[in-house]
Structure formats: structure tokens, C-alpha cells
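# Descriptive analysis of the structure
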Amino acid sequence: MSLLTDKKILLGITGSIAAYKVADWVRALRREGCQVTVVMTEAACRFISPLTMAALSGNPVHTGMFSAEAPETIPHISLAKEHDLLLIAPASAQTIARLAHGLADNLLATIALASSGPILVCPAMNSVMFQHPATQANLAIIRSYGYQVIEPDCGKMACGDEGPGRLTEWENARQAILTAFAPQDLADEQVLITAGPTRESFDPVRFLSNPSTGKMGYALAATARQRGATVTLISGPTGLTAPPGVRCIHVTTAVEMQAQVMACLEATTIVVKAAAVSDYRPAEPQPHKVKKGEAALSLPLVANPDILKELGKRKRDSAKFPLLIGFAAESRDHLTEGARKLQEKNLDLIVVNDIGGTEETGFGADTNRVTLLDRNGAQEDVPLLSKEETAHRIWDAVARLIDG
Ligand code: C5P
């Protein structure tokens, strides 16, 4: 069950050309288990048809203050009460002005006034309108009411102008919605996460590496952010985009990763080493591409630093050291090996991954099945879940350790 399962989202659509984009957002929300009800302003109905939104949401669309079918109901009050979150996207300059000044002259603005739950606003308009002091002042006002404003993207607009004002991408809105529902139990934490593989070159075009895609580490970064943490992600080469609000430092080799981890340590309260660090690197990397037949058929290697083990050692000598969370990807005796590494590396928690199993777990998969072993001897078998949900289960265990 994800944070979005069975959540009731009220989506307010206003008069902006970006209205067509949120048709996809409705589908994405429903795929994640949300119930979506749509409210449209009069101008929004000129950009996209209520029929489209009704079909996609599976619910009637509300456009007017008064219901012809059920005149005895008061739609703005019942709609405001029956939902867990109000998402206004795209939010036009006009609607933002209405929200800022407490106007109640259409159904959406009235619902916003009557809502006591979280309100997320995704502005989308011409960049000159967006940058106008009036719009900026109105945004500052609605932020002061506690509304969460998701900044628009920069780029080319439908009108041909270029600048800030394009509706944010779905992934940013999704993260903001998840944040609204996530427990804020990591709000005081400075989290450092490593993710992905490292690459150890032996000439300019060849390297030693492993199939890690970084998905588990990135999911940990996104979910820590959702739970209120300040997050730094040190990532080896992956094809992934850093989650919104996460500082990302890119590295290639184990030695570079070690340098970055050590540089960030001072300001960190929790370290999670989810990276699949190469244990060895070529002893003599060649400055030029090695030609076929030119090299001996053996590759001398030297050991890379074990970053986590070094942190564990330092932890023994320090009264105040970040919590240490490691990973163990094992193809046999995974629990025995995990327990051994927990002790040997002096960790607070280890996430043990049986990679000898099915394609649903381990490298590259979107799902994972892990066992959590902590320093107090507790063991938790986490069932097969998405990597995002697995990450939340890991943070639940970390939050329990923090609580003592
Ligand atoms: O000993 P093993 O490599 O299996 O331990 C895995 C854990 O140690 C992971 O958390 C991984 O990120 C970390 N590690 C490390 N530096 C290495 C190798 C592994 O920090 N050189």
C-alpha cells in the first residue's frame, strides 16, 4: 500500500493552455490508487472538455456553484470536506489572485476557502504574467496561508515566449503530493545517500563496473525528502534524474565517492550506503586505448577503499556519529552474510538483498524484497514491494532507531 492508496484528490483546473497536460495527471493519480474528482473554472472548460475529465477521472466534473441535479446540496462545502488534498493545476494568474484575496466568486475559489486540508498550487501562465509583481505578491500571500506553490518550469511557451511559467512536470507535482501525505519524522535529519555503481577505468574507453541502476538509492533519496529530511545524494553513473529538492553530487569511481562522502560527513546525521561500489580497480590504468592483441590477457587489480567499513571504524571512536545504514547484496547465505557485515562494519542497520532469487528483486528491478537487521538484533522481513515502498519501510525502521 503506497502513501497514495485510496487518497481522495480534488483537482481544480483553471483557464490555461496547460489544462490538457493534467489529463495525464488524472490517469497517473488513478494508477496509484487515488480517487480523483475534478472541478473546472468556466475558462478551463474552454481549453479542455469536462467530458474528457469526467471520463478520465471516472467521476462527475463540477463546474458551477449550484447543482441543478441536487439543489439541496452545497457543493463547495461537501467537496471541500470530502477530500484529502486540493491540487490546483494549472493555476492561472486570475485564480492565484482570487486565492490571495479570499474571493469566493466561483466554485473552485470557494472550495479553497472552505478547505482545511493541504492545498497545492501549480502556476502556469505566460512568463511576463508570472513575473509581474502582482502575481509574485499574490504567490507570496498564498504561501503565507500555508498553500504549497510548486514552481513552474522555464522554457518555450505555447504563445512563443520563453521564460518561467510552464506547468511543472508531473514528477514534481507527484513528489509534492507524496510529501503532503508522508510522516515528517525525518524533518531534523541531514541524510547522505550513495547510489548506483562505480566505474573503474582501465583505459579511456573501458571500465569495470556492475549492473546497479541506482533505483533503490534514488528511491531512498526521494522518500527521505518526502519525510522532511535535507538530502544529499552521491551518485555513481546512472540514467536517473535526481528527485526534486535533493542535492546531487555525481561521481564515477569509488575513490571519488569516498572523497565526497568524507567531505559531506560533518553536516550529516544519517548515512545510507546503497551504492554498489566496485571492490577493485585496475592497478595501472592506461592513458590510451589499448589495442587488440596489445595487452596481456590478465588485468592486475588493487582493492578500493571500503567506504562503509571506514565509517564504521570511525564510529567506534566517536560518541556522536551519524547513524550508519548499509546494504548487503548476497546470492547465498544472505542473512548470515548480512548479520556478519552488520557487526564487521559496525552498522546500525543493514538492508539485506537476496539477489539470487527472481527478476523481481535486486539490480535494475522496480521492486525489491529485503530483510532488515538492526544493531539490537531485530529482524524484519519486508515483502516484495516497489522500491519506493521498500524505501519507506527502511525509513520506518530508521525512525524507530532514532526514537531509541
Ligand atoms: O562488503 P560489501 O561490499 O558486500 O558491503 C556492502 C555495503 O558496503 C554497501 O552498503 C556498500 O555501499 C558498502 N561498500 C562501500 N565501499 C566499498 C564496498 C562496499 O562503502 N568499497
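I will try to describe carefully the structure that is included in this document.

Our focus in this paragraph is the overall build of the chain. Summing up its helical and strand segments, the chain has 14 helices and 21 strands in all. Across the 404 residues in the chain, those meeting the buried criterion constitute 49%. Restricting the contact set of the chain to residue pairs at least 6 apart, pairs at least 24 apart contribute 66%. Computed over 39 positive and 44 negative side-chain charges, the separation of the two mean positions in the chain equals 4 Å.

Glancing now at the sheet that holds strand S2 (residues 35-40). Reading across the sheet, the five strands line up as S2-S1-S3-S4-S5 and stay open at both edges, with parallel pairing between neighbours. Looking at which strands have only one partner, the edges of the open sheet turn out to be S2 and strand S5 (148-149). Across six bridges, the pairing between strand S1 (residues 8-13) and S2 is parallel. In the strand pairing of S2, Gly12 is matched with Val39. Along the sheet, helix H5 (residues 93-100) makes contact with strand S3 (85-91) and strand S4 (119-123), crossing S3 at roughly 140°.

A word on the packing of aromatic side chains. In the structure shown here, the tally under the stated rule is two aromatic pairs. Judged by centre distance (5.8 Å) and plane angle (70°), the rings of Tyr145 and Tyr147 are edge-to-face. Classification of Tyr147 as buried rests on a relative accessible area of 13%. Over the ring of Phe181 we find Lys7; its NZ or CZ atom is 5.1 Å from the centre of that ring.

If you check the shell around the ligand, you find Lys273, Ala275, Val277, Asp279, Pro305, Asp306, Ile307, Leu308, Gly326, Phe327, Lys341 and Lys345 and nothing else. Ala275 is positioned such that a nitrogen or oxygen atom in its backbone is 2.7 Å from an oxygen atom of the ligand. Backbone polar atom of Leu308 to an oxygen atom of the ligand: 2.9 Å apart, as the coordinates give it. Against a free-state accessible area of 440 Å², the protein chains account for coverage of 87% of the ligand. Of the residues that constitute the shell around the ligand, the class distribution is six nonpolar, one polar and five charged.

The next point concerns unusual backbone geometry. Put simply, Ala89 and Pro90 share a cis peptide bond, and its omega is -10°. Here Pro90 is to be found in strand S3. A positive phi is found at Asp6, a non-glycine position, where the angle reads about 65°. Locating Asp6 in the fold gives a position in the segment before S1.

In this structure the tally under the stated criterion is 19 salt bridges. Among the ionic pairs, Arg174 bridges to Glu388, the shortest N-O distance being 2.7 Å. Here the residue Arg174 occupies a position in helix H9 (residues 170-181), and Glu388 occupies one in helix H14 (residues 387-403), the gap between them amounting to 214 residues. Residue Arg174 shares its accessibility class with Glu388, and that shared class is buried. Note that Lys315 and Asp348 form a salt bridge whose closest N and O atoms lie 3.0 Å from each other. One end of the pair, Lys315, is in helix H12 (residues 307-316); the other, Asp348, is in the loop between helix H13 (334-344) and strand S17 (349-354), and 33 residues separate them in sequence.

Glancing now at the side chain of Glu330. By the secondary structure assignment, Glu330 is in strand S16 (residues 323-330). Within the local environment of Glu330, its side chain forms a polar contact with the side chain of Lys341, the two groups lying 2.4 Å apart. Not counting the four nearest positions on each side in its chain, Glu330 is found in contact with Glu337, Lys341, Asn353, Asp354, Ile355 and Gly356.

Counted by the stated rule, this structure contains zero disulfides. For the unlinked cysteine Cys264, the closest cysteine sulfur is that of Cys248, found at 11 Å.

This next bit is on the packing of helix H1 (residues 22-31) against helix H3 (residues 50-57). In a pair of packed helices, the angle between the axes and the distance between the axes together describe the arrangement. Two elements in contact, H1 and H3, have axes whose closest approach is 9 Å; the angle formed by their N-to-C orientations is 15°. Regarding the angle of H1 to H3, the classification is roughly parallel. Here the hand of the crossing between H1 and H3 comes out right-handed. Taking contact as the criterion, the partners of Val22, Ala23, Val26, Arg27 and Arg30 in H1 are, on H3, Met53, Ala55, Leu56 and Ser57.

Rules of the game
- Residues numbered from 1 in each chain as written.
- Predicted model: local features only at pLDDT ≥ 70, side-chain atom pairs only at ≥ 80, totals over all residues.
- Heavy atoms only, no water.
- Helix = DSSP H or I, 4+ residues; strand = E, 2+ residues; numbered from the N terminus.
- Buried < 20%, exposed > 50% of the residue type's maximum accessible area, 1.4 Å probe, protein only.
- Contact = heavy atoms within 4.5 Å.
- Lys, Arg positive; Asp, Glu negative; His and termini not counted.
- Charge placed at Lys NZ, Arg CZ, Asp CG, Glu CD.
- Pairing = 2+ DSSP bridges.
- Axes fitted to C-alpha atoms, helices over the stretch in contact; angles between N-to-C directions.
- Phe/Tyr/Trp six-rings, centres within 6.5 Å; stacked < 30°, edge-to-face > 60°.
- Lys NZ or Arg CZ within 6 Å of the ring centre and 35° of its normal.
- Near = heavy atom within 4 Å.
- Polar contact = N/O pair within 3.5 Å; in protein donor to acceptor, adjacent residues only side chain to side chain.
- Areas by Shrake-Rupley, 256 points an atom, 1.4 Å probe, with all protein chains shown as cover.
- Nonpolar A, V, L, I, M, F, W, Y, C, P; charged D, E, K, R; others polar.
- Salt bridge = Lys/Arg side-chain N within 4 Å of Asp/Glu carboxyl O.
- Disulfide = S-S within 2.5 Å.
- Parallel < 35°, antiparallel > 145°, perpendicular 65-115°, else oblique.
- Left-handed = near helix turned anticlockwise from the far one by under 90°.

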